[in-house]
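Residue-level structure breakdown
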Amino acid sequence: MKTPYATLEQIKAINKTYKTPFYLYDEKGIRENARKVHQAFSWNNGFKEYFAVKACPNPTILKILKEEGCGTDCSSITELQMSDACGFSGHDIMFSSNDTPLEEYVFADKLGAIINLDDFTNIDEVLDTLGYLPETMSLRYNPGGYFTIANTIMDNPQDAKYGMTTEQIIEGYRILKDRGVKRFGMHAFLASNTVTNDYYPTLAKQLFELAVRIKNETGVSLDFINLSGGVGIPYKPDQKGNDILEIGAGVHKVYDEVLVPNDLGNISIFTEMGRFMTGPYGALVTKVIHFKHTYKEYVGVDACAVNLMRPAMYGAYHHITVLGKESAPATKTYDVVGSLCENNDKFAIDRELPEVQKGDYLFIHDTGAHGFAMGYNYNGKLWSSELLLREDGSVKLIRRAQTPKDYFATLDIDDTMAKYLK
Ligand SMILES: *Cc1c(COP(=O)(O)O)cnc(C)c1O
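Residues numbered from 1 in each chain as written. Predicted model: local features only at pLDDT ≥ 70, side-chain atom pairs only at ≥ 80, totals over all residues. Heavy atoms only, no water.

A few words on the domain arrangement of the chain. For the chain, the assigned domains read domain 1 (26-279) and domain 2 (282-408). Taken over C-alpha atoms, the centre of domain 1 sits 32 Å from the centre of domain 2. With 21 residues of domain 1 in contact, the opposing surface of domain 2 contributes 20 residues. Overall, the association of domain 1 and domain 2 removes approximately 1800 Å² of surface from exposure, summing both partners, and the carbon and sulfur fraction of that is 53%. Looking only at domain 1, the three residues that lose the most surface to domain 2 are Glu 27, Asn 58 and Tyr 235, adding up to 30% of its buried area. Connecting domain 1 to domain 2 are one salt bridge. Of the charged contacts in the structure, one is a salt bridge between Glu 391 and Arg 31, with a shortest N-O distance of 3.5 Å. Our count for the contact surface shared by domain 1 and domain 2 stands at nine residue pairs in polar contact (both at pLDDT 80 or more). Among the secondary structure elements, those contributing two or more residues to the side of domain 1 that touches domain 2 are helix 2 (27-40), helix 3 (59-67) and helix 10 (275-278). For the side of domain 1 that touches domain 2, a count of residues per class yields nine nonpolar, five polar and seven charged. (Domains from an automatic or database assignment. Contact = heavy atoms within 4.5 Å. Buried area = accessible area lost by both parts, 1.4 Å probe. Salt bridge = Lys/Arg side-chain N within 4 Å of Asp/Glu carboxyl O. Polar contact = N/O pair within 3.5 Å; in protein donor to acceptor, adjacent residues only side chain to side chain. Helix = DSSP H or I, 4+ residues; strand = E, 2+ residues; numbered from the N terminus. Nonpolar A, V, L, I, M, F, W, Y, C, P; charged D, E, K, R; others polar.)

To continue, consider the site of the ligand. Around the ligand there are 15 residues in total, and Lys 54, Glu 272, Gly 274, Arg 275 and His 370 lie nearest to it. One nitrogen or oxygen atom from the main chain of Gly 230 is found 3.2 Å from an oxygen atom belonging to the ligand. In this structure, an oxygen atom belonging to the ligand sits 2.8 Å away from a main-chain N or O atom of Arg 275. In isolation the ligand offers 390 Å² of accessible surface; the protein chains occlude 90% of this area. Its residues placed into classes, the shell around the ligand shows three nonpolar, seven polar and five charged. (Near = heavy atom within 4 Å. Areas by Shrake-Rupley, 256 points an atom, 1.4 Å probe, with all protein chains shown as cover.)

Right, let's talk about the side chain of Asp 345 for a bit. Along the chain, the position of Asp 345 falls in the loop between strand 15 (332-337) and strand 16 (346-353). Lys 381 provides the closest opposite charge to the buried, unpaired Asp 345, separated from it by 7.4 Å. Within the local environment of Asp 345, its side chain forms a polar contact with the backbone nitrogen of Leu 340, the two atoms lying 2.8 Å apart. Filtering out sequence-adjacent residues up to four positions away, Asp 345 remains in contact with Cys 304, Ala 305, Val 337, Gly 338, Ser 339 and Leu 340. (Buried < 20%, exposed > 50% of the residue type's maximum accessible area, 1.4 Å probe, protein only. Lys, Arg positive; Asp, Glu negative; His and termini not counted.)

Turning next to the sheet that holds strand 2 (residues 48-52). Strand pairing in a sheet relies on backbone hydrogen bonds, with the paired strands running either antiparallel or parallel. With respect to topology, eight strands assemble into a closed barrel ordered 2-3-4-5-6-9-10-11, the strand pairing being parallel. The mean angle between the axes of side-by-side strands here comes to 25°, regardless of whether they run parallel or antiparallel. Bridge count between strand 5 (residues 114-117) and strand 6 (residues 136-140): three bridges; the pairing is parallel. Across the sheet, residue Ile 115 finds its bridge partner in strand 6, namely Met 137. (Pairing = 2+ DSSP bridges. Axes fitted to C-alpha atoms, helices over the stretch in contact; angles between N-to-C directions.)

What follows is about the nonpolar core. Counting residues in hydrophobic clusters, the biggest one holds 102 residues, and the most contacted among them are Tyr 173, Met 186, Tyr 200, Phe 208 and Val 336. No fewer than three residues from each of domain 1 (26-279) and domain 2 (282-408) sit in this core. One finds Ala 6, Ile 14, Phe 22 and Leu 323 within the second-largest nonpolar core, a separate group that totals 14 residues. (Core = buried A, V, L, I, M, F, W, Y, C linked by side-chain atoms within 4.5 Å.)

Another aspect to go through is helix 7 (residues 166-178). The terminal C-alpha atoms of helix 7, which comprises 13 residues, lie 19 Å apart, in line with the 18 Å expected from a rise of 1.5 Å per residue. Where helix 7 terminates, the next one or two residues include Gly 180, which has phi positive at roughly 95°. (Expected span 1.5 Å × (residues − 1).)

All right, on to the packing of aromatic side chains then. As enumerated under the stated definition, the model contains 17 aromatic pairs in all. On the basis of an interplanar angle of 5° and a centroid distance of 4.6 Å, the ring pair of Phe 41 and Phe 47 is categorised as stacked. Each ring, one from Tyr 50 and one from Phe 270, has its centre 5.0 Å from the other, and the planes form 65°; the classification is edge-to-face. Residue Tyr 50 is located in strand 2, and its partner Phe 270 is located in strand 11 (residues 268-271); the two are separated by 220 residues in the primary sequence. (Phe/Tyr/Trp six-rings, centres within 6.5 Å; stacked < 30°, edge-to-face > 60°.)

Laid out in structure tokens, this is it:
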């Protein structure tokens, strides 16, 4: 069972002011979860969660997470700018990008962010671009092969474009040290959306063992190890979610087993979770506007894949609740579709739902990460608004919906669109 954090009455009231579709975020859920993350890693003095901005790039959300002690993880200049504008500075920003335009290193360095290098050749690039290497630098690791937990393949790092090989990263630390770098970090992201409490501990053990090897071979003692993202959420109602307290305890155990006996017990643990931080605490709310019966039964809604791309792009499952019919039996099988001229524009295929009527509100769960953020403008469709459901039950507009004017603004070159830009 997945229970929406807003009732039909609340949504109806919100819809008087804000038209559907809209994203609704649950401030209470975000804050409580962030506190649990910090509790889970409280055994580690230097722990910091760098929220992956790309998952939910909204200043209001970033400021909530800042109040809860998080930093930000950025991979582009605009994410850096948003972090800066929200008051993040210096080492509260991690810059983990790849195929990085050189001017973005300059901007990241200006903010004092920690720069995490994706490739071996980036070391010289940064040196040439900045004229020096920052005192703190981090390197991204890719062990190749398959990432497995208990003989189950979780992901396929050998096919991933990210990170350096074992030989490259060891040589990398040697070079950084020779060029005067003082503090060193290591980063790896080896599996996505893992719904198991063993992902971080298994990854941590690999990285901790490599940290020992790096110390023995180069004399570099790492200052931090960044376990990055990849901690998943249960999108399906019958899935059991991760227990972040157990995950934290699992990392603690391997920390004590591997790092502490090797005189590396001062290493700070960083994380860069996106999905786990906001995914369950965002929903896309959309209204039923059409029915169609041909070879299948279609429910047409006023949102489409530009508002939420995951089902179209990955065939991702997002649970849907028909608001007000939470306990009605699921007697119908529908395809829930948007209006794009793209046949993959389906929020659900063959989904069992209670019988729906025009005007019903659908609550599409677990869209608080990589949801709005992946929006686009295909078919000239516009972005929705984003709303924050506050702890006192009030609602705040945190991003207005796009208008045709916004859409046409970048075409304002030769006055052709002037009529629609007034
Ligand atoms: C996407 C990404 C994250 C966040 O991943 P989640 O799966 O959302 O936790 C963290 N770090 C980097 C470098 C990323 O690319």
